Amino acid sequence: MSRYFCLDHPDVLIRETDIVQARPGRVALAESPFYPGGGGQLPDRGTLAWHGGEVAISGFESEGGHLWHVLAEPLELPPGAVEARVDAPFRRLMRALHTDLHIVNAVVFQDFDKALVTGVQMNEDGTARIDFDLPDADNERLRAIETTVNALIRQDLVVRQDHVPEAAAFAEPGLIRSRSVAPPPTSDGKVRIVEIVGLDRQACGGTHLASTGASPPIRILKIDNKGRHNRRLRIGLDGAV
Ligand SMILES: [Zn+2]
């Protein structure tokens, strides 16, 4: 996987770039500011604009070494200059939910015997779910982490990224937090690490806030037992739910 521009520049939401390949209803860009989805984070929304026109993007597909931007209309755009515009409120929502899920994950990992994640999904309505392998946890104790998570949001901890060689990533205890999957390494054999300074380091390939204080507080909406091992926490951003 090559590195997505948005991971290094999550604040750059408008990018002048070029269409380098075009098919009916889809284009590949020289440089794309969009996050195409993955790891439980929804794909970005946005538009492509050119002199005299604009079209919404309805999705993304990786094929033939290109990230294809699927257009909401079956247009055949000519190669050349275009302005890619990421939907800012949607990106901000995903960054906040994603960062808050890291905090929830960190607190559960630390307080519940290094419990691993078995699934995660962020939603456009400002809610998200995260599943943990937690066969014996007390749900009231789990619910009580809401206070700790919100205190960590208020502390406005810096969030930064790092890239470490794959072998080192697997050797560092706790860095690979998912029970089944690790994010794919980049083309130069590195694994991206997202660090909330003073709290947590884990492998991840999504977009996050620059610091935790940019998120509103969260609420734990529901805790479900999913099967014998899995515990599902539903969270929501205060103000969105
Ligand atoms: Zn992440």
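From a predicted model like this one, the values you see are computed outputs, not experimental measurements.

Colleague: What should I look at first to understand the domain arrangement of the protein chain in this one?
Modeller: A common measure of how large an interface is: the accessible area buried when the components associate. Domain annotation of the protein chain identifies domain 1 (5-86) and domain 2 (91-237). Relative to domain 2, the C-alpha centre of domain 1 lies at a distance of 28 Å. In this complex, domain 1 contributes 16 residues to the contact, which on the side of domain 2 involves 16 residues. Between domain 1 and domain 2 lies a buried interface of about 1,300 Å² when both sides are counted; carbon and sulfur atoms form 45% of it. At the boundary of domain 1 with domain 2, the tally comes to three salt bridges.

Colleague: Whenever I open this one, unusual backbone geometry confuses me. Can you help?
Modeller: At D113, a position not held by glycine, the phi torsion is positive, near 55°. Its place among the elements puts D113 in the loop between α2 (88-111) and β7 (117-122). Residue D113 is classed as exposed on the basis of its relative accessible area of 72%. Here K114, not a glycine, exhibits a phi torsion of approximately 60°, which is positive. Relative to the helices and strands, K114 is located in the loop between α2 and β7. Given the relative accessible area of 56%, K114 is considered exposed.

Colleague: Where do I start with the coordination of the zinc ion in this structure?
Modeller: Six octahedral donors at a metal ideally form angles of 90 or 180 degrees, and four tetrahedral donors ideally form angles of 109.5 degrees. Taken together, H98 (NE2), H102 (NE2), C204 (SG) and H208 (NE2) make up the protein donors of the zinc ion, found 2.0 to 2.1 Å from the metal. The coordination sphere of the zinc ion comprises four donor atoms, whose angles at the metal cover 96 to 122°; the geometry is tetrahedral.

Colleague: What exactly am I supposed to notice about the sheet that holds strand β10 (residues 190-196) here?
Modeller: Sheets are built from strands paired through backbone hydrogen bonds, the pairs being either parallel or antiparallel. An order of β9-β10-β11 is seen for the three strands of this open sheet, with the pairing classed as antiparallel. Each having just a single partner strand, β9 (159-165) and β11 (200-203) make up the two edges of the open sheet. Each strand axis lies, on average, 25° off the axis of its neighbour in the sheet, ignoring direction.

Colleague: Any chance you could explain the pattern of salt bridges here in plain terms?
Modeller: A side chain with one charge can pair with a side chain of the opposite charge if their charged atoms come near. Evaluated as defined, the whole model comprises 19 salt bridges. R129 is the partner of D131 in a salt bridge, and the nearest nitrogen-oxygen pair spans 3.3 Å. Looking at D131, the relative accessible area reads 6%, which means it is buried. One connected set of salt bridges, linked through shared partners, spans R160, D162, E172, E195 and R201.

Colleague: When you look at the nonpolar core in this model, what are you seeing that I'm missing?
Modeller: A general feature of soluble globular proteins is that nonpolar side chains tend to end up buried together. Ranked by internal contacts, the top residues of the largest apolar core, which has 38 residues, are V104, V108, I145 and L233. Those elements giving two or more residues to this core turn out to be α2, β7, β8 (127-133), α4 (145-154), β10, β12 (218-226) and β13 (230-237). Per-element tally for this core: the top contributor is α2, with eleven residues. With near-sequence residues (within four places) excluded, V108 lies in contact with D113, A115, F132, L134, L142 and I145. Formed by 15 residues, the second largest nonpolar core is a distinct cluster that contains V27, V82, A84 and V86.

Colleague: How should I be thinking about the environment of H102 in this particular structure?
Modeller: For H102, the location among the structural elements is in helix α2. Along the chain, H102 and V194 lie 92 residues apart, while their C-alpha atoms are 9.0 Å from each other. Look past the residues within four positions of H102 in its chain and what remains in contact with it is V194, I196, D200, Q202, C204 and H208.

Colleague: Looking at this structure, I do not really get the environment of R3. What am I missing?
Modeller: Looking at the secondary structure, you find R3 in the segment before α1 (5-8). By relative accessible area, which is 41% here, R3 ends up partly exposed. Separated by 149 residues in sequence, R3 and L152 have C-alpha atoms that sit 29 Å apart. Leave out the neighbours within four places in its chain, and R3 touches D8, H163 and T186.

Parameters and conventions
Residues numbered from 1 in each chain as written. Predicted model: local features only at pLDDT ≥ 70, side-chain atom pairs only at ≥ 80, totals over all residues. Heavy atoms only, no water. Domains from an automatic or database assignment. Contact = heavy atoms within 4.5 Å. Buried area = accessible area lost by both parts, 1.4 Å probe. Salt bridge = Lys/Arg side-chain N within 4 Å of Asp/Glu carboxyl O. Helix = DSSP H or I, 4+ residues; strand = E, 2+ residues; numbered from the N terminus. Buried < 20%, exposed > 50% of the residue type's maximum accessible area, 1.4 Å probe, protein only. Donors = N, O, S within 2.8 Å, 3.2 Å for Na, K, Ca; no water. Tetrahedral: all angles 85-135°; square planar, octahedral: opposite > 155°, others 65-115°. Pairing = 2+ DSSP bridges. Axes fitted to C-alpha atoms, helices over the stretch in contact; angles between N-to-C directions. Core = buried A, V, L, I, M, F, W, Y, C linked by side-chain atoms within 4.5 Å.

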